[in-house]
Amino acid sequence: MKHYVRTIWTVIAARIAVLRAEPERGEITTTVIVTALMAIAAIAIIAIIVAKLTEKASSINLGIG
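Participant: Sorry if this is basic, but what is going on with the overall build of the chain here?
Facilitator: Of regular secondary structure, the chain possesses two helices and zero strands. Its C-alpha atoms give the chain a radius of gyration of 27 Å, clearly above 11 Å, the size a compact globule of 65 residues would have. Taken along its principal axes, the extent of the C-alpha atoms in the chain is 85 × 30 × 10 Å. In the chain, which comprises 65 residues, the proportion classed as buried is 0%.

Participant: Explain a nonpolar patch on the surface here, please?
Facilitator: On the surface, Met 1, Tyr 4 and Val 5 cluster together to form a nonpolar patch covering roughly 410 Å² of accessible area. Look at Met 1 and you get exposed, because its relative accessible area is 77%.

Reading the values: rules and limits
Residues numbered from 1 in each chain as written. Predicted model: local features only at pLDDT ≥ 70, side-chain atom pairs only at ≥ 80, totals over all residues. Heavy atoms only, no water. Helix = DSSP H or I, 4+ residues; strand = E, 2+ residues; numbered from the N terminus. Rg over C-alpha atoms; globule rule 2.2 N^0.38 Å. Buried < 20%, exposed > 50% of the residue type's maximum accessible area, 1.4 Å probe, protein only. Patch = residues over 30% accessible without salt bridge, like charges linked within 9 Å, V, L, I, M, F, W, Y side chains within 5 Å. Areas by Shrake-Rupley, 256 points an atom, 1.4 Å probe, with all protein chains shown as cover. Salt bridge = Lys/Arg side-chain N within 4 Å of Asp/Glu carboxyl O.

Here is the structure:
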């Protein structure tokens, strides 16, 4: 049992050392925020276009009724 704990501890320590050595570890937050804002903007633009198209289509007189 001691051997397994020591192995796991060594693997975790090595992984932490690798994560600390990577210079890009703080960029993910900025990337996620920018991506989320772009997705929200795209949804808003699509909603505006759909509303304008629906309004225009409703105003077309087909001569029925």
